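# Survey of secondary and tertiary structure
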2 protein chains.
Amino acid sequence: MQLDFSKSDGLIAAVIQDYSSGRVLMVGYMNAEAFRRTVESGFATFYSRSRQKLWLKGESSGHRLVVREISTDCDQDAVLVRVEPQGPGVCHNGYESCFYRRLDDGQWVESEARAYDPATVYGSRK
Amino acid sequence: MQLDFSKSDGLIAAVIQDYSSGRVLMVGYMNAEAFRRTVESGFATFYSRSRQKLWLKGESSGHRLVVREISTDCDQDAVLVRVEPQGPGVCHNGYESCFYRRLDDGQWVESEARAYDPATVYGSRK
């Protein structure tokens, strides 16, 4: 039983969830090679749609995602990756989760404080 | 601040998470109209890529998803929708979550029992 990479230009959605807290941290995309590397290395690896290249999450920040469990859905076109994050946050904007804005009466509002200073972590590379 | 529907043919990924348990239940896709209906109706509404039409989750099964909270990510090209599910499961195959198969030593294996009988719920419409 293989994953179905045919629906979105060779990509599947990968939902990243904190294994301990259950918080959804980010959504990335994987092609077949990114999925293979994720399984073999034990660190979540994505395919960047904007940069059009493989991307080991944490390669710049050091905030890698240690894979604890991988599930797939009924259509086999998405995976749920439960991870232990290394570092205080997965979001390049400095938050624990990329989902740091909540819809409140028609407006997106920040719903939490930053977990780290992205300028310190990413420096001039960002 | 608007959502970015430009990256995937007018669609954004929508991660559906159980508000109470934290379990990730499914990943769907929304176009702008599906998102608007989700917000206005309070029930998760998707755009079906295979059927190419709007899809109120639960329109056949009655298992609708009551929206409790919506967040968006740093790129504004995905939403996290925390819901209270009506009914025993969101998966049309009869499981609580569409993510009912886990990667175990290179094989996808079912990791839970069915929550309901899909033949009874969907009947001949499936």
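So, here is what we can say about the structure in this document. (Residues numbered from 1 in each chain as written. Chains lettered and ligands numbered in written order. Predicted model: local features only at pLDDT ≥ 70, side-chain atom pairs only at ≥ 80, totals over all residues. Heavy atoms only, no water.)

### What to know about the environment of Asp73 of chain A
On the secondary structure map, Asp73 of chain A appears in the loop between strand S5 (65–72) and strand S6 (78–85). Take Asp73 of chain A: its relative accessible area is 3%, and that puts it in the buried class. The spatial distance from the C-alpha of Asp73 of chain A to the C-alpha of Leu3 of chain A is 9.4 Å, given a sequence separation of 70 residues. In contact with Asp73 of chain A, not counting residues within four places along its chain, are Ala78 of chain A together with Cys98, Phe99 and Arg101 of chain B. (Helix = DSSP H or I, 4+ residues; strand = E, 2+ residues; numbered from the N terminus. Buried < 20%, exposed > 50% of the residue type's maximum accessible area, 1.4 Å probe, protein only. Contact = heavy atoms within 4.5 Å.)

### A look at the relation of the copies chain A and chain B
Relative to chain B, chain A is turned by 180 degrees and slid 0.0 Å along the rotation axis, the superposed coordinates differing by an RMSD of 0.0 Å. The superposition of one copy onto the other is thereby described by a two-fold rotation axis. The position closest to the rotation axis in chain A is occupied by the C-alpha of Gly22 of chain A, lying 2.9 Å away. A symmetric contact is evident, with 100% of the interface residues of chain A recurring at the interface of chain B. (Least-squares fit on C-alpha atoms with pLDDT ≥ 70 in both.)

### Remarks on the packing of aromatic side chains
Applying the stated criterion to the full structure yields six aromatic pairs over all chains. Between Tyr95 of chain A and Tyr100 of chain A the ring centres are 3.7 Å apart and the planes differ by 10 degrees, which places this aromatic pair in the stacked class. The ring of Tyr29 of chain B carries the charged tip of Arg49 of chain B above its face, separated from the ring centre by 4.1 Å. Here the guanidinium or amino end of Arg68 of chain B rests over the ring plane of Tyr19 of chain B, the centre of that ring lying 4.2 Å away. (Phe/Tyr/Trp six-rings, centres within 6.5 Å; stacked < 30°, edge-to-face > 60°. Lys NZ or Arg CZ within 6 Å of the ring centre and 35° of its normal.)

### Describing the pattern of salt bridges
For side chains of opposite charge, pairing can occur when their charged atoms come near one another. All chains considered together, the criterion is met by 20 salt bridges over all chains. A salt bridge links Arg36 of chain B to Glu40 of chain B; its shortest N-O distance comes to 2.7 Å. Linking Arg36 of chain B with Glu40 of chain B, this pair stays in helix H1 (residues 32–41), spanning four residues, or about one helical turn. Owing to a relative accessible area of 58%, Glu40 of chain B belongs among the exposed residues under this scheme. Between Arg68 of chain B and Glu84 of chain B there is a salt bridge, and its shortest N-O distance comes to 2.3 Å. With a gap of 16 residues between them, Arg68 of chain B in strand S5 (residues 65–72) and Glu84 of chain B in strand S6 (residues 78–85) connect regions that are remote in the sequence. Given the relative accessible area of 33%, Glu84 of chain B is considered partly exposed. One network of salt bridges, in which partners are shared, links Glu33, Arg36, Arg37 and Glu40 of chain A. (Salt bridge = Lys/Arg side-chain N within 4 Å of Asp/Glu carboxyl O.)

Take it as geometry only, folks, not as evidence of what the structure does.
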